[in-house]
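# Geometric and topological summary
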Amino acid sequence: MLEDGPKRPVGSKVVKVLVHRRDDRGMSLEPFAARCVRQGEVHELVTTDHRETEPGARIDRVGFLGFVEIANAGVIDRGDEVWVDGKLVGTVLGFDACHFPNHYNILINSPEPCTGLDAGMSPELSVVFCPAAVAVH
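Residues numbered from 1 in each chain as written. Predicted model: local features only at pLDDT ≥ 70, side-chain atom pairs only at ≥ 80, totals over all residues. Heavy atoms only, no water.

### Considering the side chain of H50
Here H50 is to be found in the loop between strand 5 (42–48) and strand 6 (58–59). Taking relative accessible area as the criterion, H50 reaches 7% and is therefore assigned buried. At 3.2 Å, the side chain of H50 forms a polar contact with the backbone nitrogen of R61. Contacts of H50, omitting those with residues within four sequence positions, involve R58, I59, D60, R61, L93 and N109. (Helix = DSSP H or I, 4+ residues; strand = E, 2+ residues; numbered from the N terminus. Buried < 20%, exposed > 50% of the residue type's maximum accessible area, 1.4 Å probe, protein only. Polar contact = N/O pair within 3.5 Å; in protein donor to acceptor, adjacent residues only side chain to side chain. Contact = heavy atoms within 4.5 Å.)

### Description of the state of the cysteines
Formally, a disulfide is one covalent bond, and it connects the sulfur atom of one cysteine to the sulfur atom of another. This model, assessed by the stated rule, comprises zero disulfides. Not part of a disulfide, C36 finds its nearest cysteine sulfur in C130, a span of 17 Å. There is no disulfide at C98, and the cysteine sulfur nearest it, in C114, is 19 Å away. (Disulfide = S-S within 2.5 Å.)

### Considerations on the nonpolar core
Among the nonpolar cores identified, the biggest contains 21 residues, and L45, L65, I76, V92, I106, V127 and F129 are the most heavily contacted of them. Looking at this core, the elements that each hand over two or more residues are strand 1 (10–17), strand 7 (62–70), strand 9 (81–84), strand 10 (87–96), strand 11 (105–109) and strand 12 (126–130). Every residue in contact with V127, bar those within four places of it in the chain, is listed here: V10, G11, S12, V14, L45, V68, V82, W83 and V84. With eleven residues, the next largest nonpolar core counts L29, V46, I59 and F64 among its residues. (Core = buried A, V, L, I, M, F, W, Y, C linked by side-chain atoms within 4.5 Å.)

### Describing the pattern of salt bridges
As a working rule, side chains carrying opposite charge can pair if their charged atoms are close by. As enumerated under the stated definition, the model contains seven salt bridges in all. A salt bridge links R22 to D24, with the nearest nitrogen and oxygen atoms 2.9 Å apart. The class for D24 is partly exposed, based on a relative accessible area of 46%. In this structure, R61 engages D49 in a salt bridge whose closest nitrogen and oxygen atoms are separated by 2.8 Å. In this pair, R61 sits in the loop between strand 6 and strand 7 while D49 sits in the loop between strand 5 and strand 6, placing the two residues twelve residues apart along the sequence. Its relative accessible area of 35% is what places R61 among the partly exposed residues. Taking relative accessible area as the criterion, D49 reaches 24% and is therefore assigned partly exposed. (Salt bridge = Lys/Arg side-chain N within 4 Å of Asp/Glu carboxyl O.)

### Structural notes on the environment of P131
Checked against the element boundaries, P131 lands in the segment after strand 12. Sequence spacing of P131 and Q39 is 92 residues, and the spatial spacing of their C-alpha atoms is 19 Å. Setting aside its immediate chain neighbours within four residues, P131 contacts K7, D80 and E81.

So, in structure tokens, the structure goes:
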């Protein structure tokens, strides 16, 4: 059964860069493959080389990219590409809600955990979440 149709990208801007890694973070993957986000919300971006998508999967090896403010409401789905200033960082693995309702940790699968410093991030830089079939420039 086909469930998903086209959607618009979700734009955001960096509000704070993070520069640390952990090998023992203990995040827990939420059972949801998608989350709606509202304009103005702030969420944390976390990279990981974990690939498990089972609900409750433990995510330990992480790199912290930073916090972004959502520019336009939309839906972020598992598998969406994450582009920082026009460069692909990885794909959305899922969500950790340990800080919710303050913010979600949006977990991004990447070849290795990277930080905001590694990704060349700075405040006000553009971050876009979009389906893999949509090219971002």
